[in-house]
Amino acid sequence: MNFKNFKFDLSNKNKDLIPQVLTILFIVLVIIYFTINAQNNMGNRGISFGFGFLSQESSFDITFSLIDYDGSHSYARAFLVGLLNTILVSAIGIFFATILGVTIGIARLSQNYLIAKTAEWYVEIFRNIPLILQIFFWYFAALRALPLTVDSINFYDISFLNVKGWYVPKFIWTNFSLFLYSVIFSFILIFFVSKYAKKQRDEFGKQIPTLYISLAILFVLPLLTFLLGGVSLSFQIPELNQLSKTVYVYKGGVSIIPELISLALALSMYTATFIAENVRAGILGVNKGQKEAAASIGLTKAQILKLVVMPQALRIIIPPTTNQYLNLTKNSSLAAAIAYPDIVLVFAGTALMQTGRAIEIISITMLTYLSLSLSISVFMNWYNKKMAIKEK
Amino acid sequence: MMNLNLPKPNKENFTTFVSLGSLLIVVSFLDVLVNTFLGYNFTGFLPERLSFFAPLFFGTIGLHLIRIEYSGNQFLDKINTNFNSNNFNAFLSLIVIFTLIKYVPPLLNWFIFDADFLGNQKEDCTSGGACWVFVKVWFNRFVYGMYPDVEQWRINTSFLMLFLLVGASFFVSPKYKKYLLLFLLFIYPIIGLKLISGGDFGLEYVETGAWGGLSLTFIVSAFALILCFPIGMFLALGRRSNLPAIRYSSIGFIELWRGVPLITVLFMSAVMFPMFLPDGTYVDKLIRVLIAITLFEAAYMAEVIRGGLQALPKGQYEAAKSLGMGYWRMHFLIILPQALKLVIPGIANTFLALVKDTPLIFVVGLLELAGMVNLAKTNPKWLGMAMEGYVFAGLVFWVICYAMSRYSQNLEKKLSTESR
């Protein structure tokens, strides 16, 4: 009896131990095998593993950069340029995808048959075409059909759209930092005002028009810096210059390259379909009784949506939408297909071709995406927790 | 817009309101129609902006006037509830209708009525619409890639075999269905691959670089799906395992692949993977791509299957254990069959995403449909055909993906009603 028990215990323990040891052994062996091969291969090619190349001069140009960059800067700087471009296009994409997605999600639930159907078909069309094909379409087909520089499409004489890109006025600030501080300060003020208003409402039942007060603060404080602080803003409007008989260029202003436009368009239109579905599911997920209860205490339709439905729907909407934001960020890597200089094109493309350091560069690129993904999901988890039901 | 100060239409003056409203609506539609098709703007005497908004303005007022509650006229009531429940909705309906009137005819003209279908060179396209001659000439390439023309029957045969086998599996009795499915999953892929790649049995060898077009899309997605399924299943089980070493390595593996974009994974398979192999070994491009896509999709599949595992009530596990079943018997006989059934829609969605991801293999130089379009449009004889090419590729992908998503939605509905 005793012996039997003992055997049973031992086998149970082994049962747990053996697969774990085998798994770890397998992983370690694979890593060792890969490392040895990699060392041999790199030895044959006369390169050694290391990140020293990052500080070398890159000697290639990047067509679009948010920070100062040319060929004399280092590979690390080129990486930063690529990263910033990725973040830029993701941020633009997330912004428009959210607006478009929420609008379409709500439109799909409209009582208006036409609106609901239009929204439904939008979702069905853009969700079921591969994103890369949409990017190709916008870049190679749609934006290429724009007029030449000479006869650009003119928006009120301040902004011009042509096949070379979109030219918009550039803001030229004096004392910009003061303006920025005033904006930050007004946001802090608004935060305290809304906190105070919430307290007043919860404790005394007083309604304070927070929205108007906030708007006033946001408007007046920065305005004061213009009037008193010596902040001024002027616009540099792009101008058509004739270089030779047939060559025209726009000088001044900010030029938004067609790669960025088509990428942002495709990303936001594609992701908006998924966000729209999330929004629809979220609103449908709110108990019907909640709407009826809200209607029975005399709230208007807009109030029901804003005060009763949306706060509850957001709890359902946010987690899957976070996933969509992550997907959008990862999908922005398709930029490489149309030569928008994002991190994949600049770093995993050009820099890799020049240095031949496949392992280092691909690992840095993948790690960057991993940390971008993780940081978005950490932020969204925090927000999600904030929005979750707080039971008193 | 919401507070137009108009008389509220009522049932007493039904005829007056309806005739006045209809008149305004007719005027607004006439304005748009005449403007679109005859190019004449009869509200042109108004200032520029006003003339632009005139039909919207007239139409909205007209719709306001015919909004009579419980008018007794069925047609009118239907319009009012579906398109015209308030001024804002009326306005939106008009915008949608007018946009359709304005933009659908030119699109249709481009697409069909002005398009060219006849001929076999670019010069045959003269009418200004879409040049479908381009697609016609390149159709073979779009479907088979660079696969030699005389050998294309091999691709056709293998796909025909697949359709016949799948079709047969719907009709044969359940007893044989099992064997048929096993054949389909394990033996058929080898036969199909051998038939297409050749090299034995007197078939000419066709290197994978020549494969392409739509057939490659199907080959890549089918193989990746078959391969990623078991890996995803084991990863899902691993992530829910009680053994820390297995759990954490599964979590690490899944999160690593889910955190990076597919394009970097493909880059990795193209430039980094060869570095990890002994010097001189060459792994075929297509196989490298298949490994990369399989591992990538396996991570997503694992999460889908994990969802199914989590949704099962604890009682199922306890019941299986109380019958004395071990870990593997419990999972393969009790847990997985139920969990997988729960997540069939999720699996279908993963497959959908996989199909939509296949064009990315252009990164390693394999050209499926979208890649072939890219290649064809840079052909000097066919410059300027990008629009036609992408619209065609988009349509093909759309039909495939839409059919699949419809099917998965139906499945979802069917399964959810069954479980209730």
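Residues numbered from 1 in each chain as written. Chains lettered and ligands numbered in written order. Predicted model: local features only at pLDDT ≥ 70, side-chain atom pairs only at ≥ 80, totals over all residues.

**As for the overall build of chain B**
Looking only at helices and strands, chain B has 16 helices and one strand in total. Taking 22 Å as the expected radius of gyration for a compact globule of 420 residues, we find that chain B reaches 30 Å, considerably beyond that expectation. In terms of overall dimensions, chain B has C-alpha extents of about 85 × 65 × 45 Å along its principal axes. Of all 420 residues assigned to chain B, the portion counted as buried reaches 34%. Sequence-distant contacts in chain B: of pairs separated by 6 or more residues, those separated by 24 or more amount to 68%. (Helix = DSSP H or I, 4+ residues; strand = E, 2+ residues; numbered from the N terminus. Rg over C-alpha atoms; globule rule 2.2 N^0.38 Å. Buried ≥ 20, exposed ≤ 12 C-beta atoms within 10 Å, placed from the backbone. Contact = placed C-beta atoms within 7 Å.)

**Let's talk about the overall build of chain A**
Helices and strands together make up the secondary structure of chain A, namely 11 helices and eight strands. In terms of overall dimensions, chain A is more spread out than a globule: its C-alpha atoms have a radius of gyration of 28 Å, far above the 21 Å expected for 392 residues. Taken along its principal axes, the extent of the C-alpha atoms in chain A is 85 × 75 × 50 Å. When the 392 residues of chain A are sorted by exposure, 29% land in the buried category.

**Describing the interface of chain A and chain B**
Chain A puts 48 residues into the contact, and the matching count from chain B is 41 residues. Sorting the residues of the side of chain A that touches chain B by element identifies α1 (2–45), α3 (113–127), α4 (131–142), α9 (301–331), α10 (343–355) and α11 (358–387) of chain A as the ones contributing at least two each. Broken down by element, the residue count for the side of chain A that touches chain B peaks at 12 residues, all from α1(A). Of the residues that constitute the side of chain A that touches chain B, the class distribution is 30 nonpolar, 14 polar and four charged. (Nonpolar A, V, L, I, M, F, W, Y, C, P; charged D, E, K, R; others polar.)

**A closer look at the sheet that holds strand β3 (residues 165–168) of chain A**
Backbone hydrogen bonds hold the strands of a sheet together, and the pairing may be parallel or antiparallel. Residues and elements named next belong to chain A. One open sheet holds the four strands; their spatial order is β1-β2-β3-β8, and the pairing between them is antiparallel. Each having just a single partner strand, β1 (153–155) and β8 (254–256) make up the two edges of the open sheet. On average, each strand axis in the sheet is tilted by 20 degrees relative to the strand beside it, whichever way the strands run. As paired elements, β1 and strand β2 (residues 159–162) share three bridges and run antiparallel to each other. Looking at β2, one finds that N154 is bridged to F160. (Pairing = 2+ DSSP bridges. Axes fitted to C-alpha atoms, helices over the stretch in contact; angles between N-to-C directions.)

**Side note on the packing of α4(A) against helix α7 (residues 258–285) of chain A**
All names here are of chain A. Interaxial distance between α4 and α7 falls to 9 Å at its minimum, and their mutual angle equals 140 degrees. Looking at the two axes, α4 sits oblique to α7. Handedness of the α4/α7 crossing: right-handed. Residues L131, Q134, I135, W138 and Y139 of α4 lie in contact with α7, whose contacting residues are P258, E259, S262, L263, L265, A266, M269 and Y270. When its residues are assigned to classes, the contact of α4 with α7 shows 10 nonpolar, two polar and one charged. (Parallel < 35°, antiparallel > 145°, perpendicular 65-115°, else oblique. Left-handed = near helix turned anticlockwise from the far one by under 90°.)

**A short note on unusual backbone geometry**
Residues and elements named next belong to chain A. At A339, a position not held by glycine, the phi torsion is positive, near 65 degrees. Residue placement: A339 occurs in the loop between α9 and α10. According to the C-beta neighbour criterion, A339 is partly exposed, with 14 such atoms within 10 Å.

**Description of the nonpolar core**
Within the largest apolar cluster, 149 residues are counted, with the highest numbers of intra-cluster contacts made by A:I135, A:L263 and B:L266. Each residue touching A:L263, except ones within four places of it in the same chain, is listed here: A:V89, A:I135, A:S332, A:A335, A:I338 and A:Y340. Judged by nonpolar contacts, the second largest core, of 12 residues, contains B:I25, B:A54, B:F58 and B:L94. (Core = buried A, V, L, I, M, F, W, Y, C linked by C-beta atoms within 7 Å.)

**Concerning the domain arrangement of chain A**
Annotation of chain A at the domain level lists domain 1 (2–49), domain 2 (75–163 + 252–387) and domain 3 (170–236). Relative to domain 3 of chain A, the C-alpha centre of domain 2 of chain A lies at a distance of 28 Å. (Domains from an automatic or database assignment.)

**Some words on the domain arrangement of chain B**
When the domains of chain B are assigned, the result is domain 1 (14–113) and domain 2 (133–147 + 206–419). Taking the mean C-alpha position of each, domain 1 of chain B and domain 2 of chain B sit 47 Å from one another.

**Thoughts on the pairing of strand β4 (residues 170–174) of chain A**
Residue and element names in this part refer to chain A. Burial runs low along β4: only zero of the five residues are buried. Summarising the sheet, β4 and strand β5 (residues 232–236) pair through five bridges and their orientation is antiparallel. By the bridge assignment, W173 is partnered in β5 with L233.

**Section: helix α5 (residues 132–144) of chain B**
Residues and elements named next belong to chain B. Between its first and last C-alpha atoms α5 spans 18 Å; for 13 residues at 1.5 Å apiece the expected length is 18 Å, and the two agree. The axis of α5 is deflected most strongly, by about 60 degrees, at W138. Burial analysis of α5 places 10 of its 13 residues in the buried class, the great majority of the element. Restricting attention to buried positions, one finds in α5 the residues W132, V133, F134, V135, V137, W138, R141, F142, V143 and Y144. Directly beyond the C-terminal end of α5, a positive phi value near 65 degrees is found at G145. (Expected span 1.5 Å × (residues − 1). Bend = angle between axes of the 7 residues up to and from the residue.)

**Here's the deal with the environment of A:M380**
Residue and element names in this part refer to chain A. In this fold, M380 is placed in helix α11. Between the C-alpha atom of M380 and that of F49, which follows or precedes it by 331 residues, the distance is 36 Å. Beyond its immediate chain neighbours, meaning those up to four positions away, M380 contacts I318 and T322.

**Regarding helix α1 (residues 14–38) of chain B**
All names here are of chain B. The terminal C-alpha atoms of α1 lie 34 Å apart, and with 25 residues this matches the ideal 36 Å at 1.5 Å per residue to within 8%. Residues F17, G21, L24, I25, S28, D31 and N35 constitute the buried set of α1. In the segment just after α1, G39 is the residue with positive phi, at about 70 degrees.

**Structural notes on the packing of helix α8 (residues 213–239) of chain B against helix α9 (residues 244–259) of chain B**
Packed helices, taken two at a time, are described by the angle between their axes plus the distance between the axes. Residue and element names in this part refer to chain B. In contact at an axis separation of 7 Å, α8 and α9 are set at 130 degrees when each is read in the N-to-C sense. What the angle tells us is that α8 and α9 run oblique. For the pair α8 and α9, the sense of crossing is left-handed. Along the contact surface, α8 presents L235, G238 and R239, while α9 presents I246, R247, S250, I251, F253 and I254. Among the residues forming the contact of α8 with α9, the class breakdown is five nonpolar, two polar and two charged.

**Some points on the confidence of the model for chain A**
Model confidence for chain A is summarised by a mean pLDDT of 83, while 95% of its residues fall at 70 or above. Every residue in residues 1–10 of chain A is under pLDDT 50, and counting partners more than four places away or in other chains gives zero contacts. (pLDDT = per-residue confidence, 0-100.)

**A closer look at the pairing of strand β6 (residues 239–242) of chain A**
All names here are of chain A. Bridge analysis of β6 against strand β7 (residues 248–251) gives four bridges, and the strand direction is antiparallel. Bridge pairing links N241 to V249 in β7. Where β6 folds back onto β7 in an antiparallel hairpin, the turn is made up of five residues.

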